[in-house]
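# Descriptive structure summary
Here's the letter readout for the chains.
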Amino acid sequence: MTIEEIQNEIIDEFSMFEDWEERYQYMIDLGKELPLIDDQYKTDNNIIKGCQSKVWVHAEMNDDKVEFTADSDAIITKGIIAILIRVFSNQKPKDIIDADTSFIDKIGLKEHLSPTRANGLVSMVKQLKMYAIAYQTQLK
């Protein structure tokens, strides 16, 4: 699936819920399905700066596609990074770099997060795109 197709799938999933309590529960459930980072990568180098909670992200390149794993010490944050990894993992670096992230606004995520969590969300997107930029330069 393309990034846009995955984003549209997420928008559809979030639209099925009546209220934000149900959406938060769904995010927590998504966090439980997150491809977990190997403990050896739970280092300060892999912590996303700008997040209130601890969020570790690791990226590897396989068959010209970036694969992400992650973890967090907070359940909502774990759900947020799970959504982002679902969108960006197993995609080509250039597609990640060029991806529009307006789906985040379409599901109403940013407006239902505390200011510190919203800042963390922006930091997560930036970090995933930075990994993609690093891998894209290796491809040239």
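Structure: see above.
What comes next concerns the included structure. Position numbers for residues count from 1 along each chain, tracking the sequence in the order it is written. Totals for whole chains, interfaces and linings use every residue, but because this is a predicted model, local features are given only for residues with pLDDT of at least 70 and side-chain atom pairs only at 80 or more, for both listing and counting. The basis for every side-chain value is the complete set of non-hydrogen atoms in the structure, without hydrogens or water.

## Notes on the layout of surface pockets
Considered as a void within the structure, the largest pocket measures approximately 260 Å³ in volume. We place a 1 Å grid over just the protein atoms. Points where a 1.4 Å probe fits but has no way out form a cavity, open points with protein on both sides within 12 Å along at least 5 of 7 lines form a pocket, and any residue with an atom within 4 Å of a point lines it. Along the walls of the largest pocket sit 18 residues, with Thr2, Ile3, Glu4, Gln7 and Ala99 positioned nearest its centre. Strands are runs of DSSP state E lasting at least two residues, helices are runs of H or I lasting at least four, and both sets are numbered from the N terminus onward. Of all elements in the fold, only helix H1 (3-15), helix H4 (93-98) and helix H5 (103-106) reach the threshold of two or more residues within the lining of the largest pocket. The element contributing the most residues to the lining of the largest pocket is H1, with five residues. Ten residues, namely Ala, Val, Leu, Ile, Met, Phe, Trp, Tyr, Cys and Pro, are considered nonpolar, four, namely Asp, Glu, Lys and Arg, are considered charged, and the remaining ones, Gly among them, are considered polar. Here the residues of the lining of the largest pocket are counted per class, giving five nonpolar, six polar and seven charged. Computed from the structure, the second largest pocket encloses a volume of approximately 170 Å³. If you go around the second largest pocket, the residues you meet are Leu30, Glu33, Leu34, Pro35, Ala82, Ile83, Ile85, Arg86, Ser89 and Asn90. Broken down by element, the residue count for the lining of the second largest pocket peaks at four residues, all from helix H3 (residues 75-88). A breakdown of the residues in the lining of the second largest pocket according to their chemical character gives six nonpolar, two polar and two charged. Grid points are joined across faces, edges and corners, and a volume is the space filled by probe spheres set on the points.

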